[in-house]
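Structure assessment
What follows is each chain in one-letter form.
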Amino acid sequence: MTPSPGFPGLKKGDKWCVCAARWEEARKANKAPPVDLTATDSSALRFNTLETYTKRKTRGGKRTKRKGKKTRRTSKQ
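Note on numbering: residues in each chain are counted from 1, in written sequence order. Reporting in this predicted model follows two pLDDT cut-offs: at least 70 for local features of residues, and 80 or more for side-chain atom pairs to be given and counted; totals over whole chains, interfaces and linings ignore these cut-offs and use all residues. Calculation of side-chain values draws on the structure's entire complement of heavy atoms; hydrogens and water are dropped beforehand.

1. Section: a nonpolar patch on the surface
There is a patch of nonpolar side chains on the surface, built from Phe7, Leu10, Trp16 and Val18 and spanning about 300 Å² of accessible area. Starting at the N terminus, helices and strands are each numbered in turn, a helix being any DSSP run of H or I of at least four residues and a strand any DSSP run of E of at least two. If you trace the backbone, Trp16 turns up in the segment before α1 (20-28). For the exposure calls, accessible area comes from a 1.4 Å probe over protein chains only, and a residue counts as buried if that area is under 20% of its type's maximum, exposed if over 50%, partly exposed in between. Overall, Trp16 belongs to the partly exposed group, its relative accessible area being 31%. A patch consists of residues whose relative accessible area exceeds 30% and which take part in no salt bridge; residues with like charges are grouped when within 9 Å of each other, and nonpolar side chains (Val, Leu, Ile, Met, Phe, Trp, Tyr) when within 5 Å. Reported accessibility uses the Shrake-Rupley method at a 1.4 Å probe radius. Residues are deemed covered only where the shown protein chains occlude them. A side-chain nitrogen of Lys or Arg and a carboxyl oxygen of Asp or Glu constitute a salt bridge if their distance falls within 4 Å.

This is how it looks when you write it as structure tokens:
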């Protein structure tokens, strides 16, 4: 299913916008996508702390590695 007719869907490396409130819902369900902090507005801090977003930040299209965690891509396939 696509959001509009003719939209081919996301491809590896694509980025998309998620509002902070929906991102927080996904985080609570352990499904939050990585965050591009350079593309994130400061108003997102009304929903979460910078530390929380930083834990999920991306670097070069990939999620940054944390000790003991696997790297995830920024796009869904």
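That covers the picture; the talk isn't over yet.
2. Points about the pattern of salt bridges
Scanning the entire structure with this criterion turns up four salt bridges. Taking the shortest distance from any N to any O, the salt bridge between Glu24 and Arg27 comes out at 2.7 Å. With Glu24 and Arg27 both in helix α1 and three residues apart, this pair spans about one turn of that helix. Here Arg27 falls in the partly exposed class, since its relative accessible area comes to 33%. One salt bridge in this structure joins Lys55 and Glu51, with 3.9 Å as the shortest N-O distance. Taken as a pair, Lys55 and Glu51 lie in helix α2 (residues 50-55) at a separation of four residues, close to a single helical turn. Taking relative accessible area as the criterion, Glu51 reaches 54% and is therefore assigned exposed.

3. A look at the environment of Leu45
Tracing the chain through its elements places Leu45 in the loop between α1 and α2. Taking the C-alpha atoms as reference points, Leu45 and Ala20, 25 residues apart in sequence, are found 8.4 Å from one another. Contacts are assigned to residue pairs that have any heavy atoms within 4.5 Å of one another. Beyond its immediate stretch of four places on either side in the chain, Leu45 contacts Leu50 and Tyr53.

4. Side note on the nonpolar core
Counting residues in each nonpolar core, the largest one holds seven residues, listed as Ala20, Trp23, Ala26, Ala32, Val35, Ala44 and Tyr53. Of all the elements, α1 adds the most residues to this core, at three residues. We define a nonpolar core as any set of buried Ala, Val, Leu, Ile, Met, Phe, Trp, Tyr and Cys residues linked to one another through side-chain atoms lying within 4.5 Å.

5. A word on the packing of aromatic side chains
Planes of paired rings set the category: under 30 degrees apart is stacked, over 60 is edge-to-face and the rest tilted, where pairs are Phe, Tyr or Trp rings (Trp by its six-membered ring) whose centres lie within 6.5 Å. Taken as a whole and assessed by the stated rule, the structure comprises one aromatic pair. For the pair Trp23 and Tyr53, a centre-to-centre distance of 5.0 Å together with 50° between the ring planes defines the contact as tilted. Taken together, the residues Trp23 in helix α1 and Tyr53 in helix α2 connect sequence positions 30 residues apart. By relative accessible area, which is 4% here, Trp23 ends up buried.

6. So, the confidence of the model for the protein chain
The score called pLDDT rates the predictor's confidence residue by residue, from a low of 0 to a high of 100. Scored by pLDDT, the protein chain comes out at a mean of 78, with 71% of its residues at no less than 70. Taken element by element, the predicted model of the protein chain shows its lowest mean pLDDT in strand β2 (residues 62-63) (52) and its highest in α1 (94). A low-confidence stretch, residues 64-77 (pLDDT under 50), is modelled with 32 contacts involving residues beyond four sequence positions or located in other chains.

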